[in-house]
Structure formats: C-alpha cells, structure tokens
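The chain contents come next:
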Amino acid sequence: MPVIVGADISSFCPKCKRDSEHIVIDSAEKGKRIGRVRCSSCGEEHPFRKPKSTGGRTPKKAAKSAGSPRQRRVKTPEETATDEWAEVHAMVEAAQKVPYAMNGAYDRGQVIDHLTLGPGVVLAVLGPQKVEVLFKVGRRRLVCARA
C-alpha cells in the first residue's frame, strides 16, 4: 500500500516522548515506506518511529501474535451473584430465617428473610448500622439497628 503524503498517522515523538498523531511529510523507497513525519502536538519533524504502545508492531501483527495472552471473559455482576447464590442456596433453605427489620441487629452468617428480596445471608457487618447481604438477585447493603 503506497504511503500518502499529508496523511495522519500515529508515531512515537522523541520530543514529546509519547505516541501522538503525526502528518506524513515524506515517503521513502518510492512511496513504499514512511520517511519523515511532523508531530501534530509539538511541530517537531523527525523520521517515522513506530508507536511504542503496540510494542513497536503494527496493530494487526500485535493481535495475531501467538505469544499474546488470551483475554479472559469477565463475569457480569448478575453472573457472579448467581454463582455465589448457588453455593449458599442449600444452606439458606435449611437454616432458620429471621424476618428482616430495620431496627434488628444481625451477625455474619445469619439468614434473614426480606419482604421483597426474599431469603438472604449476611456476608459482612459493615458498621454499627449497615450489613451486606447476599440475595438471589445479588449483593445488597441494608440498614440495621436503627432506633
């Protein structure tokens, strides 16, 4: 693909010491290679240098590299809540449930029964008036010990 003089391209600027947009001002080898570029940020003219953010490789080669680690799929909060709930579901069904009330006090591991969210397990006591509870729909922070 021939190099077009005046085109915008990403290049490493030695004066700015970072990758930035540049304008091609000269080509080499009869248009087969980028010669000189001008930084759009500082105006410095210098030979073309590959961007450092891609490790000196073009983006296509960086993506195809066999040595690059596989990207892991991150679970959504809903998937995480479903997995957590599956682990404690049997315990929740078998345990004695305490009805949730804002003026009640709760301990870690206690099973409560919320009017709208259903049964849940107290995962942590976050303060004198706050607990974190795992319900089927996910984690929720609830107030407690209110006078």
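The rules behind these values
- Residues numbered from 1 in each chain as written.
- Predicted model: local features only at pLDDT ≥ 70, side-chain atom pairs only at ≥ 80, totals over all residues.
- Heavy atoms only, no water.
- Helix = DSSP H or I, 4+ residues; strand = E, 2+ residues; numbered from the N terminus.
- Buried < 20%, exposed > 50% of the residue type's maximum accessible area, 1.4 Å probe, protein only.
- Contact = heavy atoms within 4.5 Å.
- Areas by Shrake-Rupley, 256 points an atom, 1.4 Å probe, with all protein chains shown as cover.
- Phe/Tyr/Trp six-rings, centres within 6.5 Å; stacked < 30°, edge-to-face > 60°.
- Lys NZ or Arg CZ within 6 Å of the ring centre and 35° of its normal.
- Pairing = 2+ DSSP bridges.
- Core = buried A, V, L, I, M, F, W, Y, C linked by side-chain atoms within 4.5 Å.
- Polar contact = N/O pair within 3.5 Å; in protein donor to acceptor, adjacent residues only side chain to side chain.

Asker: Let's hear about the overall build of the protein chain: which residues, and what values?
Answerer: Of the regular secondary structure elements, the protein chain holds 2 helices and 11 strands. Counting from the amino terminus, the protein chain carries its helices and strands in the arrangement β-β-β-β-β-β-α-α-β-β-β-β-β. Buried positions account for 25% of the 147 residues belonging to the protein chain. Relative to all contacts within the protein chain whose residues are 6 or more apart in sequence, the contacts with residues 24 or more apart total 28%. Entry remark: accessible area of the protein chain is about 10,500 Å², with carbon and sulfur atoms responsible for 54%.

Asker: Quick one: what's the story with the side chain of E132, residue by residue and with numbers?
Answerer: Locating E132 in the fold gives a position in strand 10 (residues 130-135). Classification of E132 as buried rests on a relative accessible area of 15%. Those residues in contact with E132, other than ones at most four positions away along the chain, are V121, V122, L123, A124, L126, R139, R140 and R141.

Asker: Quick rundown of the environment of G120? Include the residues and the values.
Answerer: As for its placement among the helices and strands, G120 is situated in strand 9 (residues 118-127). Residue contacts for G120: discarding those within four places in its chain leaves W85, Q110, V111, I112, V133, L134 and F135.

Asker: Could you give an account of the packing of aromatic side chains, naming the residues involved and the relevant values?
Answerer: Following the criterion strictly, the structure yields 1 aromatic pair and no others. Measuring from centroid to centroid gives 5.9 Å for Y100 and Y106, while their planes differ by 25°, and the two rings are stacked. For the pair shown, Y100 and Y106 are each scored as buried. When the ring centre of F12 is taken as reference, the NZ or CZ atom of K52 above it lies at 4.6 Å.

Asker: Just give me the short version of the sheet that holds strand 8 (residues 111-114), but keep the residues and values in it.
Answerer: On the basis of which strands lie adjacent, the open sheet formed by 5 strands has the order 7-8-9-10-11 and mixed pairing. The sheet is open, and its two edges are formed by strand 7 (98-99) and strand 11 (138-143), each paired on a single side. Sheet analysis places strand 7 next to strand 8, joined by 2 bridges and oriented parallel. When the bridges of strand 8 are listed, V98 appears paired with I112.

Asker: Run through the nonpolar core, naming residues and quoting values.
Answerer: Counting 9 residues, the largest nonpolar core is built from Y100, Y106, I112, V122, V131, V133, F135, L142 and C144. Examining the composition of this core, we find that 3 residues originate from one element, strand 10, more than from any other. Contact partners of C144, with chain neighbours within four places excluded, come to M102, G104, Y106, P128, Q129, K130 and V131. Ranked by size, the runner-up nonpolar core spans 6 residues in total, among them W85, V92, V121 and L134.

Asker: How would you summarise the side chain of H46 if you had to cite specific residues and measurements?
Answerer: You can see H46 is positioned in strand 6 (residues 45-47). Engagement of the side chain of H46 in a polar contact is seen with the side chain of R49, the distance being 3.4 Å.

Asker: Can you lay out the pairing of strand 5 (residues 36-39) for me, pointing to particular residues and giving the numbers?
Answerer: The side-chain alternation of strand 5 yields one buried face, formed by V37 and C39, and one unburied face, formed by R36 and R38. In this structure, strand 2 (residues 18-24) lies alongside strand 5, joined through 3 bridges in antiparallel fashion. Among the inter-strand pairings, I23 is bridged to a residue of strand 5, identified as R38. Where strand 5 lies against strand 6, 3 bridges are found, and the strand directions are antiparallel. In the strand pairing of strand 6, V37 is matched with H46. Taking the residues that link successive antiparallel strands as the turn, the strand 5-strand 6 hairpin has 5 residues, and the phi of G43 there is positive, at about 85°.

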